[in-house]
Amino acid sequence: MLIRARAPLRISFAGGGTDVPPFPEDEGGLVLNATITKYAYGTLRPRKDDQIQIKSVDFGLSLTYGLQEPVVFDGKLDLVKAAISQLVGSQSTGFELFLHSDAPPGSGLGSSSAVMVALIGLLKEFRNLPLTDYEVANLAYVIERKDLGIKGGLQDQYAATFGGINFVEFFGDRVIVNPLRISSDILSEIEHNLLLCYTKSTRLSDRIIEDQTNRYARRDGSTLEGLHMQKGLALEMKNALLQRRLSTFGELLHQAWEYKKKMSPKISTPYVDELYEEARRHGALGGKITGAGGGGYMLFYCPFECKCDVARALTKMGAAVTEFAFEFRGLQTWRMGEV
């Protein structure tokens, strides 16, 4: 018997950074994001002994240890080991885990958190645990951010668990996920006009987030302005979508990028700036990096007549353009016989 899980990756439109502590506790955060047809995957195969075998395609690592052995957090698949420690009792049988994602770590699509959500889905199914979606997302956040101290926000875990286009409110550790009801024609038009572009470089987001957090703690004026505007723009962009004002949505995406860069000078790079200017020169109304910054994926909103020109220009500059669609299903788990 096999247990499988799949959790979607996400793109962010506005509000990123306002979900990173201590900002949500102090002022409350707002994020507008959407999950897409790129995923983190997991498979669990039960064993008859007490051995746990883990294989991660993304990190190119495999390891095996016994259920009764003390867990060593040594930088090798610590996220996986921490989730197993939380959810698997010592009386359990062993199992094999296989994990991989459609995007590499550091790509800005929330892949690490999506892998964690998929892993919790597997272990929840394996142990028959009665966890709600909110509990799954919160547990993923606690393991990543609190137990292991990996810097970052709360939005990725909730996006991967719930799926869809969501306006998410953060009040400290309390989170409210508001799914947006957008008509099918508007959804099709947004997909038609959005362009996802991989810069072919990844980044260590914790360094960027640490710099942003330190600047916020010092009450740096530029960082404060960027964070406060992210909240306002998340609300404006949500309203633009619901009111069918898609050109306005594209222009607000440009504003979101301009204010995001104010949060830390590490968010952009000369190459990212060049890609952005080239996209705008060929007709993109707006765009931004989809994660903490420094590299990974960029998202652009283009009137469709310009989309091919933008894609061609970015490709000439060495970026990789990819198509996607929205995914409205969040975490999925299912069981299969051996195949």
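Residues numbered from 1 in each chain as written. Predicted model: local features only at pLDDT ≥ 70, side-chain atom pairs only at ≥ 80, totals over all residues. Heavy atoms only, no water.

Another point: the overall build of the chain. Per the secondary structure count, the chain includes eleven helices and twelve strands. Computed over the C-alpha atoms, the radius of gyration of the chain is 20 Å, within 12% of the 20 Å expected from 2.2 N^0.38 for a compact globule of 339 residues. C-alpha extents for the chain along the principal axes are approximately 60 × 45 × 35 Å. Summarising the internal contacts of the chain: among those between residues at least 6 apart in sequence, 74% fall at separations of at least 24. Surface summary for the chain: the accessible area is close to 14,000 Å², and the carbon and sulfur share equals 50%. Distance from the positive charge centre (39 side chains) to the negative charge centre (40 side chains) of the chain: 2 Å. (Helix = DSSP H or I, 4+ residues; strand = E, 2+ residues; numbered from the N terminus. Rg over C-alpha atoms; globule rule 2.2 N^0.38 Å. Contact = heavy atoms within 4.5 Å. Areas by Shrake-Rupley, 256 points an atom, 1.4 Å probe, with all protein chains shown as cover. Lys, Arg positive; Asp, Glu negative; His and termini not counted. Charge placed at Lys NZ, Arg CZ, Asp CG, Glu CD.)

Attention shifts here to the pattern of salt bridges. Under the counting rule described, the total for this entry stands at 18 salt bridges. Residue aspartate 185 pairs with arginine 244 through a salt bridge whose shortest N-O separation is 2.6 Å. Separated by 59 residues along the polypeptide, aspartate 185 in helix H6 (residues 184–193) and arginine 244 in the loop between helix H8 (221–242) and helix H9 (246–260) bring together distant segments of the chain. With a relative accessible area of 40%, aspartate 185 lands in the partly exposed category. Arginine 244 sits in the partly exposed class, given a relative accessible area of 47%. Measuring nitrogen to oxygen at the nearest pair gives 2.2 Å for the salt bridge that ties glutamate 278 to arginine 281. Here glutamate 278 pairs with arginine 281, and both are found in helix H10 (residues 270–281), just three residues apart, close to one helical turn. Beyond isolated ion pairs, a larger network of salt bridges with shared partners links Arg45, Arg47, Asp49 and Glu96. (Salt bridge = Lys/Arg side-chain N within 4 Å of Asp/Glu carboxyl O. Buried < 20%, exposed > 50% of the residue type's maximum accessible area, 1.4 Å probe, protein only.)

Enumeration according to the criterion identifies 13 aromatic pairs in this entry. An aromatic cluster is present here, built from Phe13, Phe249 and Tyr301 joined pairwise through their rings. Lying over the aromatic face of tyrosine 39, arginine 6 brings its terminal NZ or CZ to 3.9 Å of the ring centre. The lysine or arginine in question, lysine 238, covers the ring of phenylalanine 167, its NZ or CZ lying 4.7 Å from the ring centre. (Phe/Tyr/Trp six-rings, centres within 6.5 Å; stacked < 30°, edge-to-face > 60°. Lys NZ or Arg CZ within 6 Å of the ring centre and 35° of its normal.)

Looking now at the sheet that holds strand S11 (residues 320–322). The strand order S9-S10-S8-S11 describes an open sheet built from four strands, whose pairing is antiparallel. The open sheet has two free edges, formed respectively by strand S9 (286–289) and S11, since each of these has just one partner strand. Across the sheet, the mean angle from the axis of one strand to that of its neighbour is 25°, orientation sign disregarded. Across five bridges, the pairing between strand S8 (residues 194–198) and strand S10 (residues 297–301) is antiparallel. The residue bridging leucine 194 from the neighbouring strand is tyrosine 301, located in S10. The sheet strands contacting H6 are S8 and S10, and the helix crosses S8 at an angle near 40°. Each of S9 and S10 is contacted by H10, which is oriented at about 20° to S10, the strand it contacts most. (Pairing = 2+ DSSP bridges. Axes fitted to C-alpha atoms, helices over the stretch in contact; angles between N-to-C directions.)

This next bit is on the environment of glutamine 53. Examined against the element boundaries, glutamine 53 turns out to sit in strand S3 (residues 51–56). Sequence separation between glutamine 53 and isoleucine 143 is 90 residues; the distance between their C-alpha atoms is 20 Å. Apart from residues lying up to four places away in sequence, glutamine 53 is in contact with Arg47, Leu63, Thr64, Phe95, Glu96 and Leu97.

Let us look at H10. Residue pairs spaced three or four apart in an α-helix point in one direction, given the helix's 3.6 residues per turn. Over its twelve residues, H10 extends 16 Å from the first C-alpha to the last, a length consistent with the 16 Å expected when each residue adds 1.5 Å. Residues of H10 that are buried: Val272, Leu275, Tyr276, Glu278 and Ala279. Burial along H10 is one-sided: seen end-on, the buried residues are contained in an arc of 165°. The outward face of H10, more than 90 degrees from its buried face, is lined by the exposed residues Pro270 and Arg281. Buried-residue contacts for H10 involve H9, S9, S10 and helix H11 (304–316). Following H10 by one or two positions, glycine 283 has its phi on the positive side, about 120°. (Expected span 1.5 Å × (residues − 1). Arc of directions from axis to C-beta.)

Moving on, we get to the side chain of lysine 38. The residue lysine 38 is located in strand S2 (residues 29–46) in this model. No salt bridge is formed by the buried lysine 38, whose closest oppositely charged neighbour, aspartate 102, lies at an N-O distance of 6.1 Å. Leaving out residues up to four positions away in the same chain, lysine 38 has contacts with Ala7, Pro8, Leu9, Asp102, Leu109, Leu196 and Thr322.

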